[in-house]
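# Topology and contacts: notes
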Amino acid sequence: MHALSRPVFSAVLFALLTLPGLALAQPPASNGVLTLSAGSGSALTALREADTLVNQLTRDGSLRAVSQDSDPLLADRGHERLQQFHNGIPVFGATVTRQTSGGIPVSVFGTLHVGIDLETTPALSADDAARVVQELSGRTLFRSAAPQLVVFPDRGGAGVYRLVYEARAFTGSQLMVYFVDAATGTLVWSYNDLKTQQPVLPCSRCAIGEGLGIKSDRKKMSVTAVGGAFFAHDQLRPADVFTFDMRGDVQRTQQVLEGTAPLFDSDLATDTDNRWLDGASVDAHVGMGWTHDYLLNRFNRQSLNNQNVRLLSLVHPVDRADLFSAPPEVIGLFFLNAFYCGLCGPDGAGVAVFGEGLPPNILLGGQRFNFFSGALDIVAHELAHAVTDFTSALLYVDESGALNEAFSDFIGVGTEFYAESLFRDGAGAADYSLGEDVIEPGGIRSLATPQQFGDPDHYSLRFLGESDNGGVHTNSLIPGHAFYLAIEGGVNRVSGLSVAGVGAQNREQIEQVFFRAFTVLLTRSSDFAAARVATIQSARDLYGANSAAELAVTQAWTAVGVN
Amino acid sequence: MTEAPVLGARQPRTRPPTSSRQGALLGSLLWVIAGVLVTAPAARAQPAPTERVVVRLDAGWRPASRTFADTRAFTANLEQGQFAADYELKDGGVFDGGVSFLLWRNLAIGLDVSSFRTVHDARINSEVPHPFFFDLPRTTEGRAGGLERREVGIHIRAMWVSQVTDWLVVSVFAGPSIISATQDLVSAVQHTEIAFPFSEVTFSGHTVSARKETTTGLNGGVDIDSFFLHRLPFLGDFEVMEHIGVGLLVRYVRGTAILPVDNDPIEVDLGGLQITSGVRFRF
């Protein structure tokens, strides 16, 4: 390691910040938080200064490259993702992305912490921290998730830093992230990282089966034939797709998610004649395949992690017949929700779980809840959380969390439009609503009319409370509505500002702009303002300055009050 | 890699209706008869041949190529796919022989046997359903080679024989034929999936079924025989040479066969124009 000592690091930073003529894009706040948000639309000096700072911090080891990738769309572009370290310990949420063209910087986004004054020798060992977390969660830690030391900035923004252990544990209904003080063993902060749908996955054994979705619509299923039976394991795509049927056993479902119970081939959804009639399994399996295809064909992304990681889902996590005996958290999570657990599963590479819904005769809020896997946008939404995890890793709280949710909504809607022509038998009409195919009537969110579900369509109406990780499923509609306006155009209800969208026929432009911004430009702590600059930068990268796409994106963000 | 083949119901063909083909056949026959009638007065001025029996042994060529097409359906990836086979018959060799008898004046009757064989290709165009999606077939092209067509015909002919000179005999003829045809048909195709995203598929093979059918048809044409060998100085001493000649026969044969394929027959045209020449023996 080539890290500087604390005083030296601080001195370098401050020296850079105070050099004559070196005016950063955004000066550090009084709490020492420095936000980098410089693109080709920014003043050239700001971009140069940000680039110089990144170079300097990289040379002294304060910033280390986490990933270096060539641009999937623009041949001359490259992308770095860097993590800030203090005395060799990563600083939580402090990441930077830098886009270059032939070595020349194009954009720099991220968050850095200046002037960290913290001793980094822990009093507690990692095992000690693990015990604390096990007590807090009541569960055994993921094997792949041993506590890691991080420098933790105070949530209140007071410029105070703590040396903590970060660890994750699935509690049966939540994927909790714990931050345990490395000196005292006390809990400093925790949040639920379970990405839920709403608040509260050419060979000799391959076969093509015919399945009926929950709407009795015919679908082709890529499956595996073994010993006279057929299993929901797609081996024809570059990334394997697995659909496991938990057969209503909630305890086993939870054990699988915790990593304490293995999944066997016999757990795969199965059929004896390759004419699949379980709509939940059919729609989950096919939906994951189509989401994979959308990511690949639209964005040239190789599955969720761009390295063809397998896609895996669980269906029938509970039995509808157990609704009235199930505890509320099980009802909320396994009946009335769908979620993606990034560290769950036998191999710790993530699992999507699709809720069972409610019995047909039971309505909730006037809505019927069917098997959640029956909605392609929900399937794609959940898998998109994994894309976020593998890219920007947007922190699942507050505005970054809302951006995390919004990105999943973009992918959900985008996949639905992409696959609209692939559906048969009257199913699969695409729209800007989420979950409308299984939560009837209406769905749960609308990017076109957020207020329809009481969600904000303007930044001034954003949710400022603590619940739902700071309103991640509520405030996501602000960028979500901007996404809609940038495509379809229209007038924002609150601001009265009109947006000249690129038009539905150019939908792909906005999808590309947002995908690029959210996967290669944004960082873990990005907020709405950063998302605005990043999407504008992305529009310039892809379609040129003053392009229709840039205009649409700029107007859309302005219309929803994000400047 | 998956195989996606097999048979299914046959699709409608793009062939002219049978009635129009029969009309054409009848037209051809009438053309030959008209030829006989037109040439008969001229022939009548000529003496009738004195020999009553002529035996003919020819070899030659059927120069014309012809095509026929067939479209068949198959099931693959849960959907109906189809392949169209365009059969491109080439020219081929013909052996033709027979005997004729002078009945009365210039009128004779003959019985011939001909044999034709050619080896040809078929161009295969397939639409193969996608493994993941309905109604998104992939198209592919291929060729099926080594297909064989055999035709053995028995031809009865009514002949008007004209002794144009003492060494030249010209006859026009027409009559019914019995044709036994054997045709190799592509009954199934095989394709191989390449790899994701399976937007392309390759033609990897075909299955051939030989089908045989015997049918009736018509034949007509002209036979020009020359018995000049005995006039040659070095052959004139041989009396037998008065009985040996050479000849050229131009025959048009026409027939239609219904070849059975999996209870779904295909109609193919038989015969065609053939030109043969060989030796003649008259008694």
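Residues numbered from 1 in each chain as written. Chains lettered and ligands numbered in written order. Predicted model: local features only at pLDDT ≥ 70, side-chain atom pairs only at ≥ 80, totals over all residues. Heavy atoms only, no water.

All names here are of chain B. Here strand 1 (residues 53-62) runs beside strand 4 (residues 92-104); their pairing, made up of 10 bridges, is antiparallel. Residue L57 lies in a different strand from strand 4, and its bridge partner there is G97. Bridge count between strand 4 and strand 5 (residues 107-128): 11 bridges; the pairing is antiparallel. From the neighbouring strand, F95 faces strand 5, where its bridge partner is S115. In this antiparallel pair of consecutive strands, strand 4 and strand 5, the connection spans two residues, and R105 shows a positive phi of 50 degrees. (Pairing = 2+ DSSP bridges. Helix = DSSP H or I, 4+ residues; strand = E, 2+ residues; numbered from the N terminus.)

A word on the sheet that holds strand 12 (residues 218-226) of chain A. The mixed open sheet is built from five strands, whose spatial order is 16-13-12-11-17 (chain A). On the outer flanks of this sheet lie strand 16 (270-271) and strand 17 (275-276) of chain A, each paired with one strand and no other.

Another point: the pattern of salt bridges. Taken as a whole and judged by the stated rule, the model has 48 salt bridges over all chains. A salt bridge links R445 of chain A to D409 of chain A; the nearest nitrogen and oxygen atoms lie 3.0 Å apart. Highlighted residues: R445 of chain A in strand 25 (residues 445-446) and D409 of chain A in helix 8 (residues 398-419), separated in sequence by 36 residues. With its nearest N and O atoms 3.1 Å apart, the salt bridge here joins D223 of chain B to R280 of chain B. With D223 of chain B in strand 8 (residues 201-226) and R280 of chain B in strand 10 (residues 266-282), this residue pair connects regions lying 57 residues apart in the sequence. Exposure class is identical for D223 of chain B and R280 of chain B. Each is buried. Taken together, the shared-partner salt bridges connect R56, D58, D96, D112, R157, D223, D225, R251 and R280 of chain B into one network. (Salt bridge = Lys/Arg side-chain N within 4 Å of Asp/Glu carboxyl O. Buried < 20%, exposed > 50% of the residue type's maximum accessible area, 1.4 Å probe, protein only.)

Next up on the list: the state of the cysteines. All names here are of chain A. As enumerated under the stated definition, the model contains one disulfide over all chains in all. Paired by a disulfide, C341 and C344 hold their sulfur atoms 1.8 Å apart. Note on the C341 and C344 pair: the S-S dihedral is about 55 degrees, so by sign convention the disulfide is right-handed. With respect to class, C341 is no different from C344; both count as buried. (Disulfide = S-S within 2.5 Å.)

Treat this as a map of the structure, not an account of what it does.
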